[in-house]
Amino acid sequence: MTLKSSKYNIFIKGDNEIYGINLLSRSSIEFSLDAYNVFMSLDKYDSENLSLDDPELNLFIQNLKDSMFIIEDDFDEIAYIRYRSNQERFDKRQLGLVITPTMGCNFSCHYCFENKDGSYLDNESQNRILKLVAHNIIGKESLNVQWFGGEPLLALPIIENLSHKLMILAEKARVEYSATVITNGALMTEQASNLLHKMKVKTVQITLDGDRTLHNRTRFENHGDKFFDVILNNIRQASKLFSIKLRVHVSPFNIPRVVSLIDTLEKEGMKECIDELYFSPLFNYRQGNKLPQYIADGKKFMNAEEFAKVQLRLAQKAHKLGFKLSNILDTSYGICTAVRENTLVIDASGNLLKCYKDVGDNSQAMGTLEKGITPNNNLLKWMDISVPRDAECQECKFLPICLGGCSKQWQENAPKEVICTPLKFNADEMLRLYVENIKK
Ligand code: SF4
Ligand code: SF4
């Protein structure tokens, strides 16, 4: 059987070398020009009868096969993507919980999707969560909890109580426990950080919406207090204990402010405190809003191609200044929490959901802490998805990374121009940054 080159190889030209990236295996190889020429002629080779008299060549070919740059002629790459995706989506070794200890929030962001009814998980609901975990933890290898909100740090006593008991449950079941927090950062004081550290939180995700002026104007505290500098100070001290992911929202109207934010972060010496900086397009997330949620109007919201241009410009600037960017190849075949079998989102009213964006929305619940999971359509619509999603995804070079994108957007009938990964429009340059990062 002859060998062929994977459809999912991308090559980036360096000065005297060529970098190959295979999206199926998420691996990269630096080729000398000679090695690249050998690679390009590999379809001459028979996979079972490689040039046995040339051990170096055999080793090179084996390397390319292991990292999926070359595959058997009849290897079905789409079937492989589907297999890997199903394997991770239905992985029985992991239990993932996204817990919203409160729907209350100290901020009033204009785009927030949440129905902030101010509720907190009561004692009964907390006990029910523990029962649910005790029942489902048997046979698992890991339990990961993500504290989400509202603003989860408004409910630190609940996080402390639940974490403590969940950690005991995990220890008894010999299951590895880890946690992350998604917070606006305003309450991430030294005291809160120390407590969360004891509660085995490893990663903290904080969002900024632009530079000092814009952030203080659009992402303000309920009483109008300005929090940009408080958040930066909190990141500084929290970075001693946690890995900090900084998410920056981007929309057509805040681009210059995001550029200026990167400068401010540099001037404020934040580079060493941020382990991952990434940019995310903003949409109309408001639940119950009459406007469609994922629409790109070019004024307030961007489509993937427009965002790709801006993302590249911002990433190049941040990279040049020495910030660590997120690894664009570090994406899970399991897609996201919503479509994984062993992941649950629990909101403060005790609803059991699949997608983050549905917290506080009773109509999307697939059950409650009180009654358990009902296998209704609110569950099935997340589990019953096919990869690839359509004929365009089937042909798309970025399918192994994008996997068809966000299921919520498909359910909301978002146009493909919004759903597609920006990588489809900026892969060469973004991957060049990736290569420069790994070279460093
Ligand atoms: S479906 Fe979309 S919005 Fe919901 S958790 Fe997955 S990626 Fe996030
Ligand atoms: S959603 Fe778009 S980018 Fe993603 S796999 Fe489908 S066609 Fe490709």
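Please read all numbers here as calculations on a predicted model, not as lab measurements.

Trainee: Give a description of the sheet that holds strand 6 (residues 94-99) that names residues and reports values.
Mentor: With respect to topology, 10 strands assemble into an open sheet ordered 11-10-9-8-7-6-12-13-14-15, the strand pairing being mixed. Of all the strands in the sheet, just strand 11 (276-281) and strand 15 (372-373) have a single pairing partner and so form its edges. Pairing of strand 10 (residues 243-250) with strand 11 involves six bridges; the strand directions are parallel. Bridge assignment links Arg-247 to a residue of strand 11, and that residue is Tyr-278. Packing against the sheet, helix 4 (residues 123-136) makes contact with strand 6, strand 7 (142-147), strand 12 (343-346) and strand 13 (351-353), and its axis sits at approximately 170° to strand 6.

Trainee: Tell me about the site of ligand 2, residues and numbers included.
Mentor: Close to ligand 2 lie Cys-393, Cys-396, Leu-399, Cys-402, Gly-404, Lys-416, Cys-420, Thr-421 and Lys-424, which account for all nearby residues. Here the shell around ligand 2 is built from residues that sort into five nonpolar, two polar and two charged.

Trainee: I'd like a description of the pairing of strand 8 (residues 176-183), backed by residues and values.
Mentor: Two faces, one strand: in a regular strand the side chains alternate between the faces of the sheet. With six of eight residues buried, strand 8 lies mostly within the body of the structure. Regarding topology, helix 5 (residues 156-172) serves as the crossover connection from strand 7 to the parallel strand 8, and that connection is right-handed. Pairing of strand 8 with strand 9 (residues 201-208) involves five bridges; the strand directions are parallel. Within the sheet, the bridge partner assigned to Val-181 lies in strand 9 and is Val-204. As a crossover connection, the stretch from strand 8 through helix 6 (residues 190-198) into strand 9 is right-handed.

Trainee: Summarise the layout of surface pockets; cite the residues concerned and give the values.
Mentor: Here the second largest pocket is characterised by a volume of approximately 320 Å³. Every residue lining the second largest pocket is counted, 17 residues in all, and those nearest its centre are Leu-132, Asn-136, Leu-344, Met-366 and Ile-373. The set of elements that each furnish at least two residues to the lining of the second largest pocket consists of helix 4, strand 12, strand 15 and helix 11 (377-383). Top element by residues in the lining of the second largest pocket is helix 4. It accounts for five residues. Here the residues of the lining of the second largest pocket are counted per class, giving eight nonpolar, five polar and four charged.

Trainee: If you had to explain the environment of Val-359 to someone new, which residues and values would you point to?
Mentor: Summarising the element assignment, Val-359 is placed in the loop between strand 13 and strand 14 (367-368). As for Val-359 and Ser-349, which are separated by 10 residues in sequence, their C-alpha atoms are 9.1 Å apart.

Trainee: Which residues make up helix 5, and what are the values?
Mentor: Under the 1.5 Å per step criterion, the end-to-end length of helix 5 is 24 Å for 17 residues, consistent within 8% with the ideal 24 Å. Taken together, the buried positions of helix 5 are occupied by Leu-156, Ile-158, Ile-159, Leu-162, Ser-163, Leu-166, Met-167 and Ala-170. Considered in projection along helix 5, the buried side chains sweep an arc of 145° and stay on one side of the axis. Counted as exposed and oriented over 90 degrees from the buried face of helix 5: Pro-157, Glu-171 and Lys-172. Taken together, the buried residues of helix 5 touch strand 6, helix 4, strand 7, strand 8 and helix 6.

Reading guide: rules and limits
- Residues numbered from 1 in each chain as written.
- Chains lettered and ligands numbered in written order.
- Predicted model: local features only at pLDDT ≥ 70, side-chain atom pairs only at ≥ 80, totals over all residues.
- Heavy atoms only, no water.
- Pairing = 2+ DSSP bridges.
- Helix = DSSP H or I, 4+ residues; strand = E, 2+ residues; numbered from the N terminus.
- Contact = heavy atoms within 4.5 Å.
- Axes fitted to C-alpha atoms, helices over the stretch in contact; angles between N-to-C directions.
- Near = heavy atom within 4 Å.
- Nonpolar A, V, L, I, M, F, W, Y, C, P; charged D, E, K, R; others polar.
- Buried < 20%, exposed > 50% of the residue type's maximum accessible area, 1.4 Å probe, protein only.
- Right-handed = clockwise from strand over helix to strand, strands pointing away.
- 1 Å grid on protein atoms, 1.4 Å probe; cavity = no way out; pocket = protein on both sides within 12 Å on 5 of 7 lines; lining within 4 Å.
- Points joined across faces, edges and corners; volume = space filled by probe spheres on them.
- Expected span 1.5 Å × (residues − 1).
- Arc of directions from axis to C-beta.

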